[in-house]
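For reference, the chains in residue letters:
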Amino acid sequence: MTHLWVRAESRDHEARVGIMPQGVAQLIAAGFHVTVEDSPDRIVPTTDYAATGADIAPAGGWTDAPDDALIFGLKELPADGSPLRHRHIMFGHAFKVQPDGLRLLDRFKAGGGTLLDLEYLTDDQNRRVAAFGYWAGYAGAAVSLMCWIAQQHGRDMGPIRAVPSAAHLLADLQSDLVTLGTQRPTALIIGAKGRVGTGAADLCREMGVATTRWDIEETAHGGPFPQVLTHDLFLNCILARPGTPVFVPASARTATRKLSVIGDIACDPDSDFSPIKVYDRVTTWDAPALRVHDDPPLDVTAIDNLPSLMPLESSQDFADQLLPHLAALPDSDVWARAAQIFDRAISRR
């Protein structure tokens, strides 16, 4: 019997979950053993999971889970250096030579466990089978627009908090934009045809932000890309990987530019392949904008769990995409490919 253990998220401002109660009920009906950890922060109440017949465990109880349990979460584990003996399903960010990722791999090597990274679950055409991309793009564009609005009022951007729904987010943004009259920014979106770019473009359209939408055709020449500097907002919606061109060089800080807000929605600043060279660390919910130049201002927003701005909608969407593959655990080709990627990475440690 496959035992899926849904852990509570441990990081601040993370209310999402990768499986909804309806999905848990389907897995139990299919013969799975499902344990769900209690969490006061999760957007879905624990009582809804208990009603499905799932076992309920205390938050953090996964460390004592049976060896054969698959530990399923979204964001990173507590960075306590402990060896990891289980199979873990999560976004590990461990395969692009990121310092934190290398430390995570070492914990798996020490404990004999396995990372099945959600970012690397792909079909036989190498397409991801489940992603939060659309809502990351939607939220990332919203946060970038909030930052630009704050700039127009001559102030730094304040903290952000989760909203009950996308409708609430749009209403709040529209109210803030009204204070500026008819003034609206322009935006350049790179990766506009993907899930992330589509979400960013939809938010911009809702808010009356004129967008230039680029994808691989417009960036294939490898740069430079002076057009980035002629827009108020630049929204990066592509993952950093070998061969990714530099869209914003370090010299952009002092260049003649209209650009005042960079939304690095892909958010991979500590990768050698990052296409944005004016910053080197993620931003946070409490301090969402990093000022990288003062006059004229240039801010970067780079929050690495953006979809949690709208945790219910983003969780529902992701869970619907992922459920058929959870139901196929542990032996489908999707999971086998993810395990092979981990094995290759761990062999280099």
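Attention here is on the structure that accompanies the text.

### Some thoughts on the pattern of salt bridges
One pass over the structure, following the stated rule, counts 17 salt bridges. For Arg 107, the salt bridge identified is with Asp 80, shortest N-O distance 2.9 Å. Here Arg 107 is found in helix α3 (residues 99-111), whereas its partner Asp 80 is found in the loop between β4 (70-72) and β5 (87-90), with 27 residues between them in sequence. Through salt bridges with shared partners, a single network forms among Asp 156, Arg 291, Asp 294 and Asp 299.

### Some details on the environment of Ala 94
The topology assignment puts Ala 94 in the loop between β5 and α3. Distance from Ala 94 to Leu 105, taken between C-alpha atoms, is 6.7 Å for residues eleven residues apart in sequence.

### Overview of the packing of α3 against helix α9 (residues 333-347)
Two elements in contact, α3 and α9, have axes separated by 10 Å at closest approach and are oriented at 95 degrees. With respect to each other, α3 and α9 are oriented roughly perpendicular. Here α3 contributes Leu 105, Phe 108 and Lys 109 to the contact with α9, which in turn contributes Phe 342, Ala 345 and Ile 346. For the contact of α3 with α9, the per-class residue count stands at five nonpolar, no polar and one charged.

### Here we look at helix α6 (residues 195-206)
Between its first and last C-alpha atoms α6 spans 17 Å; for twelve residues at 1.5 Å apiece the expected length is 16 Å, and the two agree. By the burial criterion, the buried members of α6 are Val 196, Gly 197, Gly 199, Ala 200, Ala 201, Asp 202, Leu 203 and Cys 204. Those residues of α6 that are buried lie in contact with α4 (133-152), α5 (166-178), β7 (186-190), β8 (210-214) and β9 (233-236). Where α6 ends, the next residue or the one after it, Gly 208, has phi of about 75 degrees, a positive value.

### Comments concerning the packing of aromatic side chains
Applying the stated criterion across every chain, the model contains eleven aromatic pairs. Here the aromatic rings of Phe 91 and Phe 318 are separated by 6.1 Å at their centres, their planes lie at 45 degrees, and the arrangement is tilted. Of this pair, Phe 91 sits in the loop between β5 and α3 while Phe 318 is found in helix α8 (residues 311-326), placing the two residues 227 residues apart along the sequence. An aromatic cluster is present here, built from Trp 214, Phe 225, Phe 234 and Phe 247 joined pairwise through their rings. The ring centre of Phe 132 lies 4.4 Å from the NZ or CZ of Arg 16, which sits over that ring.

### Concerning the pairing of β8
Relative to β8, β7 runs parallel, the two sharing five bridges. Each bridged residue has a counterpart across the sheet, and for Ala 187 the counterpart in β8 is Thr 211. A crossover connection joins β7 to the parallel β8 through α6; in handedness this β-α-β unit is right-handed.

Conventions we followed
- Residues numbered from 1 in each chain as written.
- Predicted model: local features only at pLDDT ≥ 70, side-chain atom pairs only at ≥ 80, totals over all residues.
- Heavy atoms only, no water.
- Salt bridge = Lys/Arg side-chain N within 4 Å of Asp/Glu carboxyl O.
- Helix = DSSP H or I, 4+ residues; strand = E, 2+ residues; numbered from the N terminus.
- Axes fitted to C-alpha atoms, helices over the stretch in contact; angles between N-to-C directions.
- Parallel < 35°, antiparallel > 145°, perpendicular 65-115°, else oblique.
- Contact = heavy atoms within 4.5 Å.
- Nonpolar A, V, L, I, M, F, W, Y, C, P; charged D, E, K, R; others polar.
- Expected span 1.5 Å × (residues − 1).
- Buried < 20%, exposed > 50% of the residue type's maximum accessible area, 1.4 Å probe, protein only.
- Phe/Tyr/Trp six-rings, centres within 6.5 Å; stacked < 30°, edge-to-face > 60°.
- Lys NZ or Arg CZ within 6 Å of the ring centre and 35° of its normal.
- Pairing = 2+ DSSP bridges.
- Right-handed = clockwise from strand over helix to strand, strands pointing away.

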